[in-house]
Amino acid sequence: MIRIAAATAAAGPLAIRPWTRDDAEAVRALVVASADHLAPWMPWVGDWTAPDCDPRAVIEPLVAEWERRERYHGGIYLDGALIGSVGIVDRVGPDALEVGYWLAPDATGRGHATAATALAVDLAFTDPDVERVVILHDEANVRSGGVPRRLGFADRGTGPERAGLGAPGGSGVERAWELARADWSGYASRA
Ligand SMILES: CC(C)(COP(=O)(O)OP(=O)(O)OC[C@H]1O[C@@H](n2cnc3c(N)ncnc32)[C@H](O)[C@@H]1OP(=O)(O)O)[C@@H](O)C(=O)NCCC(=O)NCCS
């Protein structure tokens, strides 16, 4: 159960907010345009790129998961334009939430994933049960590891990839990063 006190956050031109059913076409368009870049690391890309894909049917369970506060599926917006996604997942322990992210390829290299993840960390720590935020990625996904490293997460090392991470082009080895509440001074307020 995710008990974050707010679902949206913004810093300068960058904002995150949960998907709604009305986002279906926009999300599909971005995933299709980003498919080659995402496919090695994200197991769900084919859901959106199938020729018979009905984007409303694909987004429905994602929106419903957020409505049940089981999992946050959100967009990253730069000056109002969708450039990627952040997720908040309750699967790493009772006192922790996991944050995930992806960007369209032409949005990379400018710190947007790092900033959007920082906004998601801000949201995660509004949950009173949360003492730690965790980021997991395939060991081979070096660029993904740059995000927690830049935000000051501690490297907790590697282990077998847990069910659900499932990077199709990955090594099968997962790297975990962790940030304690006491080590986070907030992002949006100082961005
Ligand atoms: C993972 C992913 C989001 C990382 O993207 P990214 O562009 O490396 O990350 P950021 O947007 O935070 O940008 C960081 C880069 O911008 C640069 N940068 C420029 N201005 C910056 C700023 N103000 N703040 C931080 N970084 C900045 C950094 O130096 C860094 O560049 P470098 O890698 O050459 O050092 C992207 O590679 C991706 O979408 N991959 C496919 C999906 C995926 O793997 N998701 C994660 C699954 S676990």
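Everything here concerns the structure above.
Quick look at the structure, then. (Residues numbered from 1 in each chain as written. Predicted model: local features only at pLDDT ≥ 70, side-chain atom pairs only at ≥ 80, totals over all residues.)

### Overview of the nonpolar core
Using the following cut-off: Here a nonpolar core is just a set of buried residues of the types Ala, Val, Leu, Ile, Met, Phe, Trp, Tyr and Cys, joined wherever their C-beta atoms sit within 7 Å. Once C-beta atoms are placed from the backbone, each residue is buried if 20 or more other C-beta atoms lie within 10 Å of its own, exposed if 12 or fewer, and partly exposed for counts between those two. A run of DSSP states H or I qualifies as a helix once it reaches four residues; a run of E qualifies as a strand once it reaches two. Both are numbered from the N-terminal end. Two residues qualify as a contact pair if the distance between their C-beta atoms, derived from the backbone, is within 7 Å.
Judged by nonpolar contacts, the single largest core of 51 residues is most densely connected at Val-99, Ala-116, Ala-120, Val-121 and Ala-124. Sort the elements by how many residues they give to this core and helix α5 (residues 112–124) lands first, with nine residues. Leave out the neighbours within four places in its chain, and Val-121 touches Val-99, Val-133, Leu-151, Leu-179, Trp-184 and Tyr-187.

### Focus: unusual backbone geometry
Unusually for a residue other than glycine, Arg-69 sits at a positive phi of about 60 degrees. Accessibility expressed as a C-beta count within 10 Å gives 15 for Arg-69, which makes it partly exposed. Its identity as a non-glycine residue notwithstanding, Asp-79 has a phi of 50 degrees, on the positive side. By secondary structure assignment, the location of Asp-79 is in the loop between β3 (71–78) and β4 (81–89). The class of Asp-79 is exposed, set by 9 C-beta atoms lying within 10 Å.

### Details of helix α4 (residues 55–67)
Owing to its 3.6 residues per turn, the α-helix aligns residues three or four sequence positions apart on the same side. How we decide: In a helix, the anticipated span is given by 1.5 Å times the number of residues less one.
When the terminal C-alpha atoms of α4 are compared, their 18 Å separation across 13 residues agrees well with the 18 Å that a helix rising 1.5 Å per residue should span. Among all positions in α4, only Ile-59, Leu-62 and Trp-66 are buried. Buried residues in α4 make contact with β2 (14–18), α1 (24–33) and β3. One or two residues past the end of α4 sits Arg-69, with phi positive at roughly 60 degrees.

### Digging into the site of the ligand
This is how it is decided: Nearness between a residue and a molecule or strand is assessed with a C-beta atom placed from the backbone; a distance within 6 Å qualifies. Three categories are distinguished: nonpolar for Ala, Val, Leu, Ile, Met, Phe, Trp, Tyr, Cys and Pro, charged for Asp, Glu, Lys and Arg, and polar for the others, with Gly belonging to the last.
Near the ligand there are 22 residues, and of these Trp-41, Thr-108, Gly-111, Ala-113 and Thr-114 occur at the shortest range. Counting residues per element, the ones that place at least two in the shell around the ligand are α2 (35–38), β5 (96–103), α5 and α6 (142–151). Counting residues per element, the shell around the ligand draws most heavily on α6, which supplies five residues. Partitioned by chemical class, the residues of the shell around the ligand number eight nonpolar, eleven polar and three charged.

### Looking at the pairing of strand β6 (residues 132–138)
Here is the key point about a regular strand: its side chains alternate between the two faces of the sheet. Under the convention used in this document: Strand pairing requires that DSSP identify at least two bridges connecting the strands. Consider the strands pointing away from the viewer: the crossover is right-handed when the path from the first strand over the helix to the second runs clockwise.
With seven of seven residues buried, β6 is to be regarded as a mostly interior element. One ladder, built from three bridges, connects β5 with β6; its direction is parallel. Residue pairing in the sheet places Leu-97 in a bridge with Val-133 of β6. On the question of chirality, the crossover connecting β5 to the parallel β6 by way of α5 is right-handed. Both β6 and strand β8 (residues 173–180) contribute to a ladder of seven bridges, which runs antiparallel. Along β8, the bridge assignment pairs Asp-138 with Glu-174.

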